[in-house]
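Examining the three-dimensional arrangement
Residue-level listing of the chains:
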Amino acid sequence: MAAPISAPASAQAGLPLPTTGMPRHQVIALAVMVLFFALAPFAGLYSVFLMKVMCFALFACAFNLLLGYVGLLSFGHAAYFGFSSYLAAHAAKAWGFTPELAILFAVAGSALIGLAFGALAIRRQGIYFAMITLALAQMVFFFCLQAPFTGGENGIQSVPRPPLFGFIPMQGDLQVYWLVFALFIGGFLLVYRIVHSPFGQVLKAIRENEPRAISLGYRVDHYKLIAFVLSAALAGLAGAAKAFVVQLASLTDVAWQMSGEVVLMTLVGGMGTMFGPVVGAFTIITMQTYLAEFGAWVTVIQGGIFLLCVLAFRRGIVGEVARLTRKSF
Amino acid sequence: MTADYILETRGLTKEFKGFTAVNQVDLKVRRGTIHALIGPNGAGKTTCFNLLTKFLQPTRGAISYNGRDITRMKPADVARLGLIRSFQISAVFPHLTVLENVRIALQRSRGASFDFWRSDTALDSFNERALELIEWVGLSDYAGSVAVEMPYGRKRALEIATTLALEPEMMLLDEPTAGMGHEDIDRIVQLVKRVSAGRTVLMVEHNLSVVSTLCETITVLTRGQVLAEGDYQSVSTNPEVIQAYMGTAHG
């Protein structure tokens, strides 16, 4: 028999050869994810449900960028998600912005808030960091409750869907679906790139051993702040997209429970993994949608699943898969 | 004497609540030497280290490095001047590979650290230099291993490779041989000796045989104060030192 033609160049134990580019199993996982969301609306799944999943998945990916890759637990991410939703809704409704401009405006707004809040919060660590982000997010909540343009308890309702770029019609759910799909995949790939970049490598070093990173001459606060702003902007992207999906911006999205929900999604899916937040968001939104008939029991069931996760598979769904297959996802 | 000192402190003092950990320390480290800081537990050695590398702010006193006042600088900026420290517990990035650990340091000194839009394949350009350093500290067989899975002594070697990647002018080693067996100690001693060529090393060390083989100058600290200074011969025969530090061990 002929010897295998292309044996890996250096299969010997010690020598690493640099992992270059996206490993094959991740390319496959990515393809599965893209195909799923591209085909699901034609396979009978409700498109608004899928769009919500994608918005929350992107939100969770943004959050995971901080928690999973820098080790920062922000407990106020609803502020960027929800406020951005208000900004996009207001820009579209009151100023007649087209969707892409409204989204751009909202993302810029959440990045700015992220810059201000991040600059304050990163001065502290651990639980203090979490508490500062929570307190700042609560300020945003009360602002949204009181400010004249947000509609108080009613929120901003019947957000219009003007044509994208001024000429692509956005009336039907399926048309909005492709916009959300593009934003989600684009956002996901951006997170992937950030994590797998020279910058992302420094973030991981900071997460692993911050004093050592400092002693090597890294001004870690700069890196944390940039990561914070990127995370806030991506959370804002998710929130802005959601405003067009449900045609509503409301207090729910800016409330502290929403900050908790994104933590839950990320942990259930697997923090510090690329696909975990997507799986987590899918799981939680599915439960909320399809178990809705159980009413208040949904929360109890969610709590149960969360407990199960923490007790039985602490790494989250994708984290456990990664452990079992010894591959990173 | 017209010796050239790379690092000097004047009246360096650190007070914690109601307790003076470092008290009026005047330390002078001569360029190109290996200098040891020894003393019994709680003598203030590690606090002293943290002050020198700015991980702690001194209460009083001044520190100058290469003739430059660094008393109020931030730790990352001190590192950028070429004064790099190690830690008592091994300072590696545990879940990164050996190669990645060294690349983190190379990346800092050679740029590209803020590029979040570029692929990390850009980092492969550091591989050659990283592997050179890894080989230099004798870790070639481990290059692909995850740091946390290596034996303790190897982690210290990795730490040194990472530090060397920055080509520091001065290295501060906090108990480089703590918790090691004989074989590992010998390896690290050889490594420190090689590392010290062309640079200055200040180390905290408990193991006196290590100190006597490596260090030209020894400063003895007790209760935050300098008790004696000199070469091993003069320090080890100093009656005050014997009494305060070595106790009856030499008796």
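For the structure itself, look to the data block above.
Reference entry: report on the structure contained in this document.

Conventions adopted
Residues numbered from 1 in each chain as written. Chains lettered and ligands numbered in written order. Predicted model: local features only at pLDDT ≥ 70, side-chain atom pairs only at ≥ 80, totals over all residues. Heavy atoms only, no water. Helix = DSSP H or I, 4+ residues; strand = E, 2+ residues; numbered from the N terminus. Rg over C-alpha atoms; globule rule 2.2 N^0.38 Å. Buried < 20%, exposed > 50% of the residue type's maximum accessible area, 1.4 Å probe, protein only. Contact = heavy atoms within 4.5 Å. Pairing = 2+ DSSP bridges. Axes fitted to C-alpha atoms, helices over the stretch in contact; angles between N-to-C directions. Buried area = accessible area lost by both parts, 1.4 Å probe. Salt bridge = Lys/Arg side-chain N within 4 Å of Asp/Glu carboxyl O. Polar contact = N/O pair within 3.5 Å; in protein donor to acceptor, adjacent residues only side chain to side chain. Nonpolar A, V, L, I, M, F, W, Y, C, P; charged D, E, K, R; others polar. Patch = residues over 30% accessible without salt bridge, like charges linked within 9 Å, V, L, I, M, F, W, Y side chains within 5 Å. Areas by Shrake-Rupley, 256 points an atom, 1.4 Å probe, with all protein chains shown as cover.

Considering the overall build of chain A
Along the backbone of chain A there are 13 helices and zero strands. Along its sequence from the N terminus, chain A presents helices and strands in the succession α-α-α-α-α-α-α-α-α-α-α-α-α. Computed over C-alpha atoms, the radius of gyration of chain A comes to 20 Å, within 12% of the 20 Å expected from 2.2 N^0.38 for 329 residues, which places it in the range of a compact globule. Taken over 329 residues, chain A has a buried fraction of 55%. Considering only residue pairs separated by 6 or more positions, chain A has 76% of its internal contacts joining residues 24 or more positions apart.

As for the sheet that holds strand E11 (residues 225-230) of chain B
Residue and element names in this part refer to chain B. Judged by pairing direction, the sheet is mixed, and its six strands sit side by side in the order E7-E8-E9-E4-E10-E11 without closing on themselves. Of all the strands in the sheet, just strand E7 (83-85) and E11 have a single pairing partner and so form its edges. Sheet twist, expressed as the average angle between the axes of neighbouring strands with direction ignored, equals 15°. Sheet topology places strand E4 (residues 34-38) next to strand E9 (residues 200-204); four bridges connect them, and they run parallel. Paired with isoleucine 34 across the two strands is valine 201, which belongs to E9.

Observations concerning the interface of chain B and chain A
Interfaces are frequently sized by the accessible area removed from exposure as the parts join. If you look at the interface, chain B gives 45 residues, while chain A gives 31 residues. Summing both partners gives a buried area of about 3300 Å² for chain B against chain A, and 63% of it is carried by carbon and sulfur. Sorting the residues of chain B by area buried against chain A places Phe93, Phe114 and Phe116 of chain B first, and these three jointly supply 21% of that buried surface. Our enumeration of links across chain B and chain A arrives at one salt bridge. Taken together, the connections running from chain B to chain A amount to 14 residue pairs in polar contact (both at pLDDT 80 or more). At six residues, the largest contribution of residues to the side of chain B that touches chain A is made by helix H3 (residues 98-110) of chain B. Tallied by class, the residues present in the side of chain B that touches chain A amount to 23 nonpolar, 11 polar and 11 charged.

Section: a nonpolar patch on the surface
Taken together, the side chains of Leu35, Leu39, Phe42, Leu174 and Trp178 of chain A make up a nonpolar region of the molecular surface, amounting to roughly 500 Å² of accessible area. Elements represented by at least two residues in the nonpolar patch include exactly helix H1 (24-39) and helix H6 (173-195) of chain A.

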